[in-house]
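Results of the structural survey
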Amino acid sequence: MSLVYLDNAATAFPKPEEVYVFMDQFYRTHGVNPGRSGYDLCMETGELVDGTRKELTAFFNGTTADRLIFAYNSTDALNLALFGMLSPGDHAITTTVEHNAVLRPFEHLSRFGGVEIEHVPFDARGFVDPDDIARRFRPNTKVVAVNHGSNVIGTVQPVAEIGRLCRERGIHLVVDSSQTAGKIPIDVQAMNIDVLAFTGHKSLMGPTGIGGLCIQDHVDIRHTRAGGTGVRSAHRLHLDEYPWRLEYGTPNVMGIAGLHAGLGWIQKRGLDRIHEHEMRLMARLVEGLRAIPGVTMYCQDSLDDHIAVLACNVDGFDAGNTGTILDVDHDIACRTGLHCAPRVHEQLGIDRIHGAVRFGIGPFNTDEHIDAAIAGVGEIARAHARVA
Amino acid sequence: MPSIELNGTAYAVDENGFLEDPAIWNDNVATDLATTEGLTALTEEHWRVVRYIREYYLSHDIAPMVRKLCKETDTRLARIFELFPSGPAQGACKVAGLPKPTGCV
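The text that follows walks through the structure, step by step, so that each part is easy to find. (Residues numbered from 1 in each chain as written. Chains lettered and ligands numbered in written order. Predicted model: local features only at pLDDT ≥ 70, side-chain atom pairs only at ≥ 80, totals over all residues.)

1. A look at the nonpolar core
Heads up, the rule is: Put simply, a nonpolar core is a cluster of buried Ala, Val, Leu, Ile, Met, Phe, Trp, Tyr and Cys residues tied together by C-beta atoms within 7 Å. Three exposure classes are used, based on other C-beta atoms lying within 10 Å of a residue's own C-beta, which is placed from the backbone: buried for 20 or more, exposed for 12 or fewer, and partly exposed in between. Under the scheme used here, helices are H or I runs from DSSP no shorter than 4 residues and strands are E runs no shorter than 2 residues, and both carry numbers assigned from the N terminus.
Residues Ala81(A), Leu196(A), Leu213(A) and Ile53(B) are the most contacted members of the largest nonpolar core, which totals 137 residues. In terms of residue count, helix α7 (residues 253–269) of chain A provides more of this core than any other element does, eight residues in total.

Structural data, given as structure tokens:
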């Protein structure tokens, strides 16, 4: 068997063939700067950009396509949102299940921006209690930022309930959907999400370098950058109108084209079918690893409200070593370490052993891939038991 | 500069126990350094790994990549961890007298 790729939580690989083909063809025929001129090719390229805005707005059930903002990735999108929504003297709440895409902007806002941040822990099963968030509400609380699906333990947080509680107090809910967009349905209106950050290169099946925000009509985000927009060039300041308010310079046309093709592939295959396939493989992986003595999984007792992301360790063995052996001896690609989510590992008490081994399952994985991972971890656990 | 005394000989080492001067390495030094890894004797299998790392280092001034080490010595990585419980970088490279690898091994 060739490389077994189980690092889909880092980026989906491979992409659907349709994505590669469309990007190649589109860039060859439409690789011009959209929205800057009036010639036909420019207009057609602009139609692809705006058409993809509309498709993504519909996909997330957003309110207005102009409020679908393209950015580089989730981190970039979350920086635009958090720095543009908070001011000195504000209070914001987040959780310990977050990725650094949320943690670090908040840390910077705390240290240098006069914003007070609180982190709500997750419970033993890996879920944040919405009431724990609500108990921290203050008159100056402006934003709650929550990870929809964990990139370490795979738990899906009760975003709709958190959003309902935020809405009652006029607090804006920002959701990081890096791991869930394209894996499970997201309806920003039904789930009370005010600002949704997404990335294109994971389960939305696009290339790297494209992501964005889906912003509801009642939310305003300040522009924290400035530059070219392709329209109203004489204006001295950056434009206030969406989408230009939060977009700067020539857009990533190749990325948007790939995202368009990826979204088309997801809709053709069906979100439910993709999730069902991944969770069936996830259950197989959990069952297989559970049968191996000396392997610990984290927050996988039940797979309800989970996505197909699993963290584990061979007891007493450095996670990085396990990952290197899986790579070298078994041709299995996974990710080890702290996964840019250090507070998850701190709360689980595994930061001291360099984190965990993470398997991220994608739509192109098979039973054989999962069985190879189980066999690989089993061999490492048995070998470690002999030495230890 | 820290030093350790092994079998009556003092060695200058860094904070991780790697030799400060790789040039003083020989088979006896390797055997002494192996004791810091809990190894009381080096088998032919140990030596095959140690000599490959040593020769690669002398030729390239860097430790070999793990995948190359396994392929060239025909040894699975899991086995290298059995031979050197600290692993190829912390264990085998130390016994081979290399400075602490910063790269791939």
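Now that the structure is up, let's keep going.
2. With respect to the packing of helix α3 (residues 74–85) of chain A against helix α4 (residues 100–112) of chain A
The relative placement of two packed helices is expressed as an angle between their axes plus a distance between the axes. Residues and elements named next belong to chain A. Put simply, the rule reads: Comment: axis = line fitted to C-alpha atoms, over the contacting stretch for helices; angle = value between 0 and 180 degrees taken between N-to-C directions. Left-handed describes a crossing whose near helix is turned anticlockwise from the far helix through less than a right angle; right-handed describes the clockwise counterpart. For the purpose of contact definition, each residue receives a C-beta atom placed from its backbone, and two residues are in contact when these atoms lie within 7 Å. In the scheme used here, Gly and all other residues not listed as nonpolar or charged are polar, with Ala, Val, Leu, Ile, Met, Phe, Trp, Tyr, Cys and Pro taken as nonpolar and Asp, Glu, Lys and Arg as charged.
It is at 9 Å that the axes of α3 and α4 come closest, and there the two elements cross at 35°. Remark: the crossing between α3 and α4 carries right-handed chirality. In contact with Ser 74, Thr 75, Leu 78, Asn 79, Leu 82 and Phe 83 of α3, α4 contributes Ala 101, Val 102, Pro 105, Phe 106 and Leu 109. Taken together, the residues that form the contact of α3 with α4 break down as eight nonpolar, three polar and no charged.

3. Some remarks on helix α11 (residues 367–387) of chain A
Basically, it comes down to this: By this rule the span expected of a helix is its residue count minus one, scaled by 1.5 Å.
Counted at 1.5 Å a residue, the expected span for α11(A) with its 21 residues is 30 Å, and the 31 Å between its end C-alpha atoms agrees. Taken residue by residue, α11(A) has His369(A), Ile370(A), Ala373(A), Ile374(A), Gly376(A), Val377(A), Ile380(A), Ala381(A), Ala383(A) and His384(A) as its buried positions.

4. Thoughts on the sheet that holds strand β13 (residues 356–360) of chain A
Residue and element names in this part refer to chain A. We apply this condition: A pair of strands is considered paired only if DSSP assigns at least 2 bridges between the two.
Reading across from one edge, β9-β10-β13-β12 is the order of the four strands in this open sheet, with antiparallel pairing throughout. The sheet is open, and its two edges are formed by β9 (295–297) and β12 (335–337), each paired on a single side. The sheet shows a mean angle of 30° between the axes of neighbouring strands, taken without regard to direction. With four bridges connecting them, strand β10 (residues 309–314) and β13 associate as antiparallel partners. Bridging from a neighbouring strand, Val 309 pairs with Gly 360 of β13. The strands touched by α11 are β9, β10 and β13; relative to β10, the strand with the most contacts, the crossing angle is about 20°.

5. A look at unusual backbone geometry
Apart from glycine, the bulk of residues carry a negative phi angle, and the bulk of peptide bonds sit in the trans form. Residue and element names in this part refer to chain A. Geometrically, the link from Phe 13 to Pro 14 is a cis peptide bond, its omega value of -5° lying close to zero. Relative to the elements of secondary structure, Pro 14 occurs in the loop between β1 (4–5) and α1 (17–30). Cis rather than trans, the peptide bond between Tyr 242 and Pro 243 has omega equal to 5°. Even without glycine at this site, Asp 305 takes up a positive phi of about 55°. Locating Asp 305 in the fold gives a position in the loop between β9 and β10. Classification of Asp 305 by C-beta neighbours within 10 Å gives partly exposed; the count is 15. Residues other than glycine seldom take positive phi values, yet His 354 does so here, at roughly 60°. With respect to the element layout, His 354 can be found in the loop between α10 (342–348) and β13.

6. What about the sheet that holds strand β5 (residues 141–147) of chain A?
Residues and elements named next belong to chain A. Strand order in the open sheet made by the seven strands is β2-β8-β7-β6-β5-β3-β4, with mixed pairing throughout. Of all strands in the sheet, those bounded by a partner on one side alone are β2 (68–71) and β4 (116–120). Within the sheet, the average angular offset between the axes of one strand and its neighbour, ignoring direction, is 20°. The pairing of strand β6 (residues 172–176) with strand β7 (residues 195–199) spans three bridges and is classified as parallel. Bridge pairing in β7 places Asp 176 opposite Ala 197. Its contacts with the sheet put helix α6 (residues 159–168) on β5 and β6, and the angle it makes with β6 is roughly 160°.

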